[in-house]
Amino acid sequence: SAVISQKPSRDICQRGTSLTIQCQVDSQVTMMFWYRQQPGQSLTLIATANQGSEATYESGFVIDKFPISRPNLTFSTLTVSNMSPEDSSIYLCSVTGEWGWTEAFFGQGTRLTVV
Amino acid sequence: KNEVEQSPQNLTAQEGEFITINCSYSVGISALHWLQQHPGGGIVSLFMLSSGKKKHGRLIATINIQEKHSSLHITASHPRDSAVYICAVNGGGADGLTFGKGTHLIIQP
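Residues numbered from 1 in each chain as written. Chains lettered and ligands numbered in written order. Predicted model: local features only at pLDDT ≥ 70, side-chain atom pairs only at ≥ 80, totals over all residues. Heavy atoms only, no water.

Explain the overall build of chain A here, please?
When helices and strands are tallied, chain A shows zero helices and 11 strands. The C-alpha radius of gyration computed for chain A amounts to 13 Å, which stays within 12% of the reference 13 Å derived for 115 residues, consistent with globular compactness. Dimensions of chain A, computed from C-alpha atoms along their principal axes, come out at roughly 45 × 25 × 25 Å. For chain A, long-range pairs separated by at least 24 residues make up 54% of all intrachain contacts whose partners lie at least 6 apart in sequence. As displayed, chain A has an accessible area near 5,500 Å², and 49% of this comes from carbon and sulfur atoms. Each charge class in chain A was averaged separately, 7 positive and 9 negative side chains, and the resulting centres sit 9 Å apart. (Helix = DSSP H or I, 4+ residues; strand = E, 2+ residues; numbered from the N terminus. Rg over C-alpha atoms; globule rule 2.2 N^0.38 Å. Contact = heavy atoms within 4.5 Å. Areas by Shrake-Rupley, 256 points an atom, 1.4 Å probe, with all protein chains shown as cover. Lys, Arg positive; Asp, Glu negative; His and termini not counted. Charge placed at Lys NZ, Arg CZ, Asp CG, Glu CD.)

Listed below in structure tokens is the structure:
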């Protein structure tokens, strides 16, 4: 199992600025996933963060806009760059799929408002 | 790409009623998750299924791999069960989850 600490829990940011979201897991995991949940919508996968290699981005998401770091097996960051009001969403990190696990684990989410 | 459909989108019921939420998907999977999301945004895992049926307290989840369909049942529903219930599927390997749009459940006293 895993416990994920995600921060910040919420932020209000000015357009054109960047915000870095951090996730710390209490155990070593192979992959960490970053999701976005736009208002009233379900979650969409942004990218998979792999330790020791570049993140793998889903269609519609690019590294320049959402750079990801994964310096070790317990930590990852997602940066939302050059923000606009359309970036206002909840961002979540998650871990799943480790051998023997019977559930997925999620961070508490970061509620981002861009003004 | 897997398409995940949930029904109903919204459900209001009286306390004590038996609740069923359905999920179907289009492509074979390695696992299906049922998740619960409360108004603050936090997500809790309820079940992970690859076959058959699982039960935890008043919650029961079933999956039919051949029909690509899963159901979540809540027996003796209670107002504290009010939340958004989300079905998500995992294609296996390095895949993240693909999510349904969620079912917004309200249980009235």
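There is more to say, and it comes next.
It is not clear to me how the environment of Gly102(B) should be interpreted in this structure. Could you clarify?
All names here are of chain B. Among the secondary structure elements, glycine 102 is positioned in the loop between strand E10 (97–99) and strand E11 (103–108). Take glycine 102: its relative accessible area is 7%, and that puts it in the buried class. It is 6.4 Å that separates the C-alpha atoms of glycine 102 and glutamine 6, two residues lying 96 residues apart in sequence. Once residues lying within four places of it in the same chain are set aside, the contact partners of glycine 102 are Gln6, Pro8, Gln9, Val84, Tyr85 and Ile86. (Buried < 20%, exposed > 50% of the residue type's maximum accessible area, 1.4 Å probe, protein only.)

Honestly, the state of the cysteines in this entry has me stumped. Any pointers?
Here, disulfide denotes a covalent bond that connects the sulfur atoms of two cysteines. Residue and element names in this part refer to chain B. Tallied over the full model, the rule gives two disulfides over all chains. Between the sulfur atoms of cysteine 23 and its disulfide partner cysteine 87 the distance amounts to 1.9 Å. Taking the sign of the torsion about the S-S bond as the criterion, the disulfide between cysteine 23 and cysteine 87, at about -60°, is left-handed. Separated by 64 residues along the polypeptide, cysteine 23 in strand E3 (residues 19–25) and cysteine 87 in strand E9 (residues 83–90) bring together distant segments of the chain. (Disulfide = S-S within 2.5 Å.)

Please explain unusual backbone geometry as it appears in this structure.
Phi is mostly negative for residues that are not glycine, and the peptide bonds are mostly trans. In this model, Lys7(A) is joined to Pro8(A) through a cis peptide bond whose omega is 5°. Relative to the helices and strands, Pro8(A) resides in the loop between strand E1 (4–7) and strand E2 (10–13). Of note, Lys68(B) is a non-glycine position whose phi angle comes to about 55°, a positive value. Take Lys68(B): it is sitting in the loop between strand E7 (59–64) and strand E8 (69–74).

Please explain the pattern of salt bridges as it appears in this structure.
Side chains bearing opposite charge may pair, as long as their charged atoms lie close to each other. Following the criterion strictly, the structure yields two salt bridges over all chains and no others. A salt bridge links Asp87(A) to Lys65(A), with the nearest nitrogen and oxygen atoms 2.6 Å apart. With Asp87(A) in the loop between strand E8 (75–80) and strand E9 (89–95) and Lys65(A) in the loop between strand E6 (56–57) and strand E7 (68–72), this pair connects stretches of sequence that are 22 residues apart. Here Arg58(B) and Asp81(B) are joined by a salt bridge, their closest N and O atoms 2.8 Å apart. Pair noted here: Arg58(B) is in the loop between strand E6 (52–56) and E7 and Asp81(B) is in the loop between E8 and E9, with a separation of 23 residues, a long-range link. Judged by its relative accessible area of 26%, Arg58(B) is partly exposed. (Salt bridge = Lys/Arg side-chain N within 4 Å of Asp/Glu carboxyl O.)

Could you clarify how one ought to interpret the nonpolar core in this entry?
Soluble globular proteins: nonpolar side chains tend toward being buried together. Trp34(A) and Val95(A) are the most contacted members of the largest nonpolar core, which totals 28 residues. In this structure, Val4(B), Cys23(B), Trp34(B) and Leu72(B) belong to the second largest nonpolar core, which totals 23 residues. (Core = buried A, V, L, I, M, F, W, Y, C linked by side-chain atoms within 4.5 Å.)

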